[in-house]
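Residue-level listing of the chains:
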Amino acid sequence: MTKDISTFLKKRAFLEESYGRDMVKISQSTAEAFEKIHPKSGTFGQAWISMLKVHENIGNQRMKFAATISDTAEDLISLSRHIEKDRKKIKDAGMHYEKLVADSDLLLEKSRQKFESTNDEWNRALSHKQQEPSQPTKKNLFRSSRTPFQLDKIENDCRIKMDAADAQYKAQQKKSTQAHAEYYETHLPCVLRDLKAVDDECNVALRYQLASYAYTFEQVLTEDGIALDNEQGQGLRGLIAKIDRDADWLDFVRLCTERGKRIQKSDFSQYENRLSPVIQPNGRVFGVPLEQLAEMSPDMVPDILKICTSVVEEYGLSSTGLYRVSGTNSRVQRVKAKFENADPNPISDEDLSDINNITSVIKLWFRELPDPLLPSASFQQFIEAAKIPDPKAKVIGLHTVINELSDAHYATLKFFMCHLDKVQTNQMLNKMSAPNLSLIFGLTLMSNEPDIQQQQTSMHDTQRYAESQLQVTVIQTILENYAAIFEDE
C-alpha cells in the first residue's frame, strides 16, 4: 500500500510541476507580449498585467506544492524499504523456527519407523525360536537349522536393537514435544509481536505522511483562493473591479490625437525647435563633447537626451527589461543617422513599436561621448568615495565629488538620474530596480583616464572586476539617494 501511495504522489507531483511551470511560462510570455504591443493600455492593461501576475503566483505555488509532495513520496519510498527489510528479517526468523519444528518431527518419524522395524525383527526372531524343535528328527535331519543357543542369541540381539530404537524414539519424542512447546509458547508469539510492531510503525508513519499531504493540499488551495479574491483587492475579482472603461476611452482618444498630430508635417515645428540647438556645424550629435552640446541648450542638458528620455517616459516605463533589452541594431543606427542629419522627425511611429530602440540610442550616445558623463578626471575620486563603508558617509563623499563637476556634467547627470529614478519607480512593471540599472550604466557613465586605462591592460582580472563593481556602486548609490543628492539643493 505504501508503494501505491508513493507512486500516486510521484505522478501527482509531476502533474503539479508541469502545470505550475507552464502556468508561469504562459503568464510571463503573455505579459511581455502585451506590454510590448500595448505600452499604454490604461486601467484595463494594468488590471490584465496584475491578473497575469496572479496566475504566475499560482503557478509558483503549485511548483512549491509539487516539490513538497515529491518529498513526501520519497519519504514513503524510504519507509516502504525500511518496512520490507524488517518484515523480511522477521519472516526469515519465523521460517527458521518452523524449520526447527519440522526437522524435529521428521527425526521423530524416522525414530518411530526404526523402532517399528526393530520390533518386527524381534517378533520374527522370537516366533522362529518358539517354532524350532529342540531335537532334530530324521525327517528334518538334512534341513539347515539353528541351535537353541543361536536362536537365543539372535532373539537377544533383536531385543537389544529394539530397546535402543525404543529409547531413541522416546528421546526424540521428548525433543519434538519440547520444540513444539518452544515454537508455540515463545517463538511464534515473539514473531507475531515483532510483526505487529512493524505494522504499527508503518501505520503511524503512513498516517503522518498522509496528514502532511492533506495539510499541504489544503494550504495550496487556500493560497489559490486568496490569490483569486482577497481583502487587499489584489485578487481577480478586485482587479477586474478596478477597470475604468471611461478613463481608458479618454486615454485612448488622447493618445490617438497625439499620434495624429505627430504625423502631420505642419506640426513638426515642435521637434524642429527642439532639435535645432543640437545641430552642430559639422552635423554631428554623437561623439561630440558634452560641454559643446550643452552650450546649445538653456538648461545645459543636450536636447537629444531630453527628446529620447521623454519618449521613454511617455511610452516605455512599463516595458519589461527597460534599458536591459537591446533594440534592433539597424533601427538604432537609423535613428542615430536621423539625429545626425537633423531630421525633423527623428523618432517615428515605427520606432515607437519597440521602445528598446530608443533606449539603445541613449546608451549609444553616452558610450560615444569623448569624456564620459562622470568625467575621467574625477574617476578616482568617485572610486574612493564608493569604498567608504558607512552608507551616510558614502553619500556625502559622492555628493562632494558631484558638486565639483562642471555645469554641463552636473546638469546632465541630475537630469538623467531623475529619469532613471522614474524608471525604478515603475520596477513592479519593468523589473528594473536600482541595482539592475546600475549594472547597465556603471561602465557606461564612468571610465578611467587614458593613461590609467593603459595600465589596466596589465591589471589582474580580480582587480579589474573589483573596480567595475565599485563603478556599479557609484551609480547605484547616486540613484538610490537621488533626492538627497540633487533635489534638496
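Here is what the cut-offs are and how they apply
Residues numbered from 1 in each chain as written. Predicted model: local features only at pLDDT ≥ 70, side-chain atom pairs only at ≥ 80, totals over all residues. Heavy atoms only, no water. Core = buried A, V, L, I, M, F, W, Y, C linked by side-chain atoms within 4.5 Å. Buried < 20%, exposed > 50% of the residue type's maximum accessible area, 1.4 Å probe, protein only. Helix = DSSP H or I, 4+ residues; strand = E, 2+ residues; numbered from the N terminus. Contact = heavy atoms within 4.5 Å. Axes fitted to C-alpha atoms, helices over the stretch in contact; angles between N-to-C directions. Parallel < 35°, antiparallel > 145°, perpendicular 65-115°, else oblique. Left-handed = near helix turned anticlockwise from the far one by under 90°. Phe/Tyr/Trp six-rings, centres within 6.5 Å; stacked < 30°, edge-to-face > 60°. Lys NZ or Arg CZ within 6 Å of the ring centre and 35° of its normal.

Chemist: Run through the nonpolar core, naming residues and quoting values.
Modeler: With 64 residues, the main nonpolar core has Tyr-323, Trp-365, Phe-416 and Met-417 as its most contacted residues. With 8 residues, the single largest contributor to this core is helix H14 (residues 407–425). Excluding anything up to four places from it in sequence, Tyr-323 contacts Val-312, Thr-359, Ile-362, Lys-363, Phe-416, His-419, Leu-420, Val-423, Leu-437, Ile-440 and Phe-441. Core analysis: the next-biggest nonpolar cluster, separate from the first, contains 16 residues, Phe-65, Val-198, Cys-202 and Leu-206 among them.

Chemist: Got a sec to walk through the environment of Trp-122? Specific residues and values, please.
Modeler: Structurally, the position occupied by Trp-122 is in helix H2 (residues 42–131). Through-space distance from the C-alpha of Trp-122 to that of Ile-154 is 8.5 Å; in sequence the pair is 32 residues apart. When residues no more than four places from it in sequence are discounted, the contact partners of Trp-122 are Glu-155, Cys-158, Arg-159 and Met-162.

Chemist: Would you mind going over the packing of helix H8 (residues 303–315) against helix H11 (residues 356–367) in detail, with residue names and values included?
Modeler: One can describe the packing of H8 onto H11 by two numbers: an axis separation of 9 Å at closest approach and a directional angle of 150°. On the basis of their axis angle, the class for H8 and H11 is roughly antiparallel. The two elements H8 and H11 cross, and the hand of that crossing is left-handed. Across the interface between the two elements, Ile-304, Leu-305, Cys-308, Thr-309, Val-311 and Val-312 from H8 touch Ile-358, Thr-359, Val-361, Ile-362, Trp-365 and Phe-366 from H11.

Chemist: Account for the environment of Glu-16, naming residues and giving values.
Modeler: Within the secondary structure layout, Glu-16 lies in helix H1 (residues 2–37). Along the backbone, Glu-16 and Ala-66 are 50 residues apart, and their C-alpha atoms lie at a distance of 5.3 Å. Excluding residues that lie within four positions of it along the chain, Glu-16 makes contacts with Arg-62, Phe-65, Ala-66 and Ile-69.

Chemist: Any chance you could break down the packing of aromatic side chains for me, citing the residues and the numbers?
Modeler: Counted under the stated rule, the structure contains 11 aromatic pairs. Geometrically, the ring pair formed by Trp-365 and Phe-366 is edge-to-face, given 5.0 Å between the ring centres and 65° between the ring planes. Judged by its relative accessible area of 2%, Trp-365 falls in the buried class. On the basis of relative accessibility, which here comes to 2%, the residue Phe-366 falls in the buried class. Considering the side-chain rings of Phe-366 and Phe-416, the 4.7 Å spacing of their centres and the 55° angle between planes classify their relative orientation as tilted. On the criterion of sequence distance, the pair formed by Phe-366 in helix H11 and Phe-416 in helix H14 is long-range, its members being 50 residues apart. Taken together, the ring pairs in this structure connect Tyr-323, Trp-365, Phe-366, Phe-416 and Phe-441 into an aromatic cluster. The lysine or arginine in question, Arg-12, covers the ring of Phe-217, its NZ or CZ lying 4.4 Å from the ring centre. A cation over a ring is seen here: Lys-336 above Phe-286, with NZ or CZ 5.3 Å from the ring centre.

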